[in-house]
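Here is how the chains run, residue by residue.
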Amino acid sequence: MKKKDIKILLVDDEQDILEIVGYNLSQEGYHVITASNGRDAIVKAKKELPHLIIMDVMMPEMDGMEACENIRKIPELSNVIITFLTARSEDYSQVAGFDAGADDYIAKPIKPKLLVSKVKALLRRLKDDEAKGDILRVGTIEINREEYKIVMEDREIVLPRKEFELFYLLASKPGKVFKREEILDKVWGNEVVVGGRTIDVHIRKLREKIGDELFKTIKGVGYKLEI
């Protein structure tokens, strides 16, 4: 996919952030769309179907957390890459961000070149997705890498991108013990800095969404996770 075809939705209530960040991303060749609050972000996301959303947390009308949760509920946007770009750098804010469905959490201030590098790392997943269009079957579980869908018997489970990639990784190596460092590298990429609690948050969300029954099935065929 060419850069000009990649849509990035930039959401912030500060006009200077929209201009500076938008300019640097446009200079890289990306198609940049902007919004000034969460409600506007949802409307534009539905219309434009961006590949990546970069969103502030504290905004009028609707904050970034609520907007992220709402975007994740839209079927055609369930797999969009979402990262927060915010001055809220506290641990609990980052955990709340991942709970809301974010793929990454970037703290302000950040130099434009570093932000562009992080964006490139996030978008690299698009290339990985194009190269992995297979279906993984383990027992009664079918994992469709192309559609980001899990089917267990007659039950269909649709997960956000990061949760699916984590589950796919665990299911792809029967009997393997995965360490935190390996999971962070394979699922988040070594150029994206995330906290160690990120894995815990996503594992918990997986358990809540797919149920302990499916996790027991996974363990029953030899899956292990060292956390």
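It should be emphasised that the depicted structure is a prediction, and the values quoted were computed from it without experimental measurement. (Residues numbered from 1 in each chain as written. Predicted model: local features only at pLDDT ≥ 70, side-chain atom pairs only at ≥ 80, totals over all residues. Heavy atoms only, no water.)

### Thoughts on the overall build of the chain
Here comes step 1: From N to C terminus, the chain includes eight helices and 11 strands.
Here comes step 2: Counting the 227 residues in the chain, one finds 49% classified as buried.
Here comes step 3: For the chain, long-range pairs separated by at least 24 residues make up 61% of all intrachain contacts whose partners lie at least 6 apart in sequence.
Here comes step 4: Summed over its atoms, the accessible surface of the chain is roughly 11300 Å², and 49% of this surface lies on carbon and sulfur atoms. (Helix = DSSP H or I, 4+ residues; strand = E, 2+ residues; numbered from the N terminus. Buried < 20%, exposed > 50% of the residue type's maximum accessible area, 1.4 Å probe, protein only. Contact = heavy atoms within 4.5 Å. Areas by Shrake-Rupley, 256 points an atom, 1.4 Å probe, with all protein chains shown as cover.)

### Re unusual backbone geometry
Here comes step 1: In this structure, P109 follows K108 across a cis peptide bond, with omega equal to -5°.
Here comes step 2: Inspection of the secondary structure puts P109 in the loop between β5 (104–107) and α5 (112–131).
Here comes step 3: Unlike most non-glycine residues, L49 shows phi in positive territory, near 50°.
Here comes step 4: Summarising the element assignment, L49 is placed in the loop between α2 (38–48) and β3 (52–55).
Here comes step 5: Phi at E61 takes a positive value of approximately 70°, unusual for a residue other than glycine.

### Brief notes about the nonpolar core
Here comes step 1: The biggest cluster of nonpolar side chains holds 27 residues, and the ones touching the most others in it are L9, V11, I53, M55, I71, I82 and F84.
Here comes step 2: Secondary-structure elements contributing two or more residues to this core are β1 (7–11), β2 (31–35), α2, β3, α3 (64–72), β4 (81–86) and α4 (91–100).
Here comes step 3: In terms of residue count, α3 provides more of this core than any other element does, four residues in total.
Here comes step 4: Apart from residues no more than four positions distant in its own chain, M55 is found in contact with V11, A41, G64, A67, C68, I71, I82, T83, F84 and L85.
Here comes step 5: I141, M152, F167 and L169 belong to the second-largest nonpolar core, a separate cluster that totals 23 residues. (Core = buried A, V, L, I, M, F, W, Y, C linked by side-chain atoms within 4.5 Å.)

### Details of a negative patch on the surface
Here comes step 1: A contiguous patch of negative charge, built from D13, E14, D16 and E19, is present on the exposed surface.
Here comes step 2: As for its placement among the helices and strands, E14 is situated in the loop between β1 and α1 (15–27).
Here comes step 3: Judged by relative accessible area, which is 38%, E14 ranks as partly exposed. (Patch = residues over 30% accessible without salt bridge, like charges linked within 9 Å, V, L, I, M, F, W, Y side chains within 5 Å. Salt bridge = Lys/Arg side-chain N within 4 Å of Asp/Glu carboxyl O. Lys, Arg positive; Asp, Glu negative; His and termini not counted. Charge placed at Lys NZ, Arg CZ, Asp CG, Glu CD.)

### Re the pattern of salt bridges
Here comes step 1: This model, assessed by the stated rule, comprises 11 salt bridges.
Here comes step 2: Between E28 and K120 there is a salt bridge, with the nearest N and O atoms lying 3.3 Å from each other. Within this pair, whereas E28 is found in the loop between α1 and β2, its partner K120 is found in helix α5, the two being separated by 92 residues in sequence.
Here comes step 3: Judged by its relative accessible area of 26%, E28 falls in the partly exposed class.
Here comes step 4: On the basis of relative accessible area, K120 is assigned to the partly exposed category, the value being 34%.

### Considerations on the UniProt feature "modified residue: 4-aspartylphosphate" (unreviewed entry) in the chain
Here comes step 1: The UniProt record marks D56 with the feature "modified residue: 4-aspartylphosphate" (unreviewed entry), using the residue numbering of this structure.
Here comes step 2: Here D56 is to be found in the loop between β3 and α3. (UniProt positions renumbered as here; feature names shortened; annotations may be inferred.)

### Quick notes on the packing of aromatic side chains
Here comes step 1: Under the definition given, this model contains two aromatic pairs.
Here comes step 2: Here the aromatic rings of F164 and Y168 are separated by 6.1 Å at their centres, their planes lie at 25°, and the arrangement is stacked. Taken together, the residues span about one helical turn, with F164 and Y168 both in helix α6 (residues 161–172) at a distance of four residues.
Here comes step 3: The class of F164 is buried, set by a relative accessible area of 0%.
Here comes step 4: By relative accessible area, which is 13% here, Y168 ends up buried. (Phe/Tyr/Trp six-rings, centres within 6.5 Å; stacked < 30°, edge-to-face > 60°.)

### What about α2?
Here comes step 1: Listing the buried residues of α2 in full gives G38, A41, I42 and A45. The arc that holds every buried residue of α2, seen down its axis, measures 100°, which confines them to one face. In α2, the exposed positions that point more than 90 degrees away from the buried face belong to V43 and K47.
Here comes step 2: The inward-facing, buried residues of α2 abut β1, β2, β3 and α3.
Here comes step 3: Two or three places before R39, at the opening of α2, N37 has a side-chain oxygen 3.1 Å from that residue's backbone nitrogen.
Here comes step 4: Two residues or fewer after α2 comes L49, characterised by a positive phi angle close to 50°. (Arc of directions from axis to C-beta. Polar contact = N/O pair within 3.5 Å; in protein donor to acceptor, adjacent residues only side chain to side chain.)

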